[in-house]
Amino acid sequence: MIQINIDCEGPITQNDNAFELCEEFIPKGGEFFARISRYDDYLADVEKRPGYKAGDTLRLILPFLKAYGATNRMIEEFSQKSLSLLPDAGPMLQRLTTIGPTFIISTSYRPYLKALAKTVDFPLERIYCTDINMNGFKPETYEVNRIKDIAGEITDMPLLSWHKKMPGGEEIIDEEKVLTLKRLDAIFWQEIPAMKIGQAFAGVNPVGGNEKAKAVEDSLKKTGLGLSDVIYIGDSITDVQVLKIVKQGGGVAISFNGNGYAIKEANIALIGESPFIIAAIVWLINLKGKEAVSDILSDKGFLAGESLVIALKKNGLEGDYIEPLLARCKTLQLFKQDRLSDIADLIHRSERMRKIVRGLRVGALG
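Keep in mind the model is a prediction, meaning the values are calculated, not measured.

Participant: Teacher, can you tell me more about the overall build of the protein here?
Facilitator: Along the protein, the regular secondary structure elements total 19 helices and 10 strands. Taking 2.2 N^0.38 as the reference for a compact globule, 366 residues should give roughly 21 Å; the C-alpha atoms of the protein span a radius of gyration of 21 Å, in line with that estimate. Viewed in the frame of its principal axes, the protein has a C-alpha envelope of about 65 × 50 × 35 Å. A burial count over the protein gives 58% of its 366 residues as buried. Restricting the contact set of the protein to residue pairs at least 6 apart, pairs at least 24 apart contribute 71%. Entry remark: accessible area of the protein is about 15600 Å², with carbon and sulfur atoms responsible for 49%. For the protein, the centre of its 46 positive side-chain charges and the centre of its 49 negative side-chain charges are spaced 1 Å apart.

What follows is the structure, encoded as structure tokens:
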């Protein structure tokens, strides 16, 4: 038996709920969130700061959402109203649950996952996500005003950027952005923690990075299966650690419209407008084993469009699995990383589709 663990935003939904909440509650919230998200990428992937993990953005933005009046009810109502499924996401999830025990592991806030569970009729007890409580305290007026001032300051900052220094390969931040990085450090690790509004959210633990890996381990305790039985599907920097441990444990790590972070850690990369290809590939692996994907690929490690659907049909895929694929086969692409000498083109294709499916601003986030 196999077990399926799947991320939410990207493989199932178009949303970036945290980004959209910032846009809803905070002036110029999209620009504000983009700067904190880039800071998150830097700390997690470049500096690799001890104690910091990818996805902690969702903790950093909470004082700002609170200062601008967000409540538990408002977040849940907004999440339900704004929830946007990818084409065929509901049927895809239904198919996965018939193949093996299926869990959703998401960095997103619980109110958003509650909205998803209600919409697609998925059991909440099989969802791991980030718990929050916006109603636990009332901040002082002077702190609210100060947090709002800081939000404006962050929005006006340049986006952090960095590049590889040759020949050593160290990643370095552009000199003009050094002051921005130092200021963000002071804001998030000195000023806000010293406020009551910051202390109120200090214990929030976003389910990203190693927490996603822990969630997979916990889900395995429920099913009695092992890492070698897991198929994990993710798309971003918050999935890097779990993709790694699944791959190292003998399971199958899949990127769906992933960015460069996810692509580099996956065994298989899937690209397309419809996530139903996920159900088809999981079905194939369950029926014929982990080498089934390699068996249908050319020597170049790539299949696309109608040729991919035909190859799946020759291996027994039929009926309700084929129809959604045929409807959107022009965008479907399948890659096997160990067959590729250079993954730069794959990353370009995947990130391009990511932006088409999720929109330019959300698709560009880590």
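Participant: Whenever I open this one, the pairing of strand β3 (residues 127–130) confuses me. Can you help?
Facilitator: In regular strands, side chains alternate between the two faces of the sheet. The side-chain alternation of β3 yields two buried faces, one formed by I127 and C129 and the other by Y128 and T130. Summarising the sheet, strand β2 (residues 102–109) and β3 pair through three bridges and their orientation is parallel. When the bridges of β3 are listed, I104 appears paired with I127. Assessed by its sense of winding, the connection that carries the chain from β2 through helix α7 (residues 110–120) to β3 is right-handed.

Participant: I would appreciate a short explanation of the side chain of D235 in the present structure.
Facilitator: In this fold, D235 is placed in the loop between β6 (230–234) and α12 (240–248). Assessed through its relative accessible area of 1%, D235 is described here as buried. Leave out the neighbours within four places in its chain, and D235 touches D7, E9, G10, P11, F256, N257, G258, N259, A262, R354 and R358.

Participant: Even after reading the chapter, I still don't get unusual backbone geometry, so can you show me in this structure?
Facilitator: Note: most residues except glycine have negative phi, and most peptide bonds are trans. Even without being glycine, K48 reaches a positive phi, approximately 55°. The residue K48 is located in the loop between α2 (29–47) and α3 (57–60) in this model. K48 sits in the exposed class, given a relative accessible area of 55%. Of note, the phi angle at D88 is positive, near 70°, even though the residue is not glycine. Looking at the secondary structure, you find D88 in the loop between α5 (72–82) and α6 (89–99).

Participant: Just checking my understanding: could you explain the nonpolar core for this structure?
Facilitator: With 62 residues, the main nonpolar core has I104, I277 and L312 as its most contacted residues. Residue contributions to this core peak at 10 residues, all from helix α14 (residues 276–288). Apart from residues lying up to four places away in sequence, L312 is in contact with I277, A280, I281, L284, I296, L317 and L325.

Participant: Please explain the sheet that holds β3 as it appears in this structure.
Facilitator: Strands in a sheet are paired, the pairing made by backbone hydrogen bonds, and the direction either parallel or antiparallel. Ordered by their spatial adjacency, eight strands build an open sheet running β3-β2-β1-β6-β7-β8-β10-β9, and the pairing between neighbours is mixed. Unpaired on one side and paired on the other, β3 and β9 (302–304) mark the two borders of the sheet. Ignoring which end each strand starts from, the neighbouring axes of this sheet average 15° apart. Two elements, strand β8 (residues 268–271) and strand β10 (residues 333–336), share four bridges in a ladder whose sense is antiparallel. Residue pairing for β10: A269 is matched across the bridge by F335.

Participant: Is there a simple way to think about the packing of α6 against α14 in this case?
Facilitator: The packing of two helices is summarised by the inter-axis angle and the distance between the axes. Where α6 contacts α14, the two axes come as close as 8 Å, and the packing angle between them is 15°. With respect to α14, the axis of α6 lies roughly parallel. By crossing handedness, the relation of α6 to α14 is classed as left-handed. From α6, P91, M92, R95, L96 and I99 reach across to α14, where they touch F276, I278, A279, V282, W283 and N286.

Participant: Just checking my understanding: could you explain the layout of surface pockets for this structure?
Facilitator: Over the atoms, a rolled probe matching the size of one water molecule traces out where space is still vacant. As a volume, the second largest pocket reaches approximately 170 Å³. Forming the boundary of the second largest pocket are R59, L60, P63, F188, W189, I192, P193, G198, Q199, F201 and A202. Secondary-structure elements contributing two or more residues to the lining of the second largest pocket are α3, α9 (178–191) and α10 (196–199). A breakdown of the residues in the lining of the second largest pocket according to their chemical character gives eight nonpolar, two polar and one charged.

Parameters and conventions
- Residues numbered from 1 in each chain as written.
- Predicted model: local features only at pLDDT ≥ 70, side-chain atom pairs only at ≥ 80, totals over all residues.
- Heavy atoms only, no water.
- Helix = DSSP H or I, 4+ residues; strand = E, 2+ residues; numbered from the N terminus.
- Rg over C-alpha atoms; globule rule 2.2 N^0.38 Å.
- Buried < 20%, exposed > 50% of the residue type's maximum accessible area, 1.4 Å probe, protein only.
- Contact = heavy atoms within 4.5 Å.
- Areas by Shrake-Rupley, 256 points an atom, 1.4 Å probe, with all protein chains shown as cover.
- Lys, Arg positive; Asp, Glu negative; His and termini not counted.
- Charge placed at Lys NZ, Arg CZ, Asp CG, Glu CD.
- Pairing = 2+ DSSP bridges.
- Right-handed = clockwise from strand over helix to strand, strands pointing away.
- Core = buried A, V, L, I, M, F, W, Y, C linked by side-chain atoms within 4.5 Å.
- Axes fitted to C-alpha atoms, helices over the stretch in contact; angles between N-to-C directions.
- Parallel < 35°, antiparallel > 145°, perpendicular 65-115°, else oblique.
- Left-handed = near helix turned anticlockwise from the far one by under 90°.
- 1 Å grid on protein atoms, 1.4 Å probe; cavity = no way out; pocket = protein on both sides within 12 Å on 5 of 7 lines; lining within 4 Å.
- Points joined across faces, edges and corners; volume = space filled by probe spheres on them.
- Nonpolar A, V, L, I, M, F, W, Y, C, P; charged D, E, K, R; others polar.

Distances and angles like these do not, on their own, reveal function.
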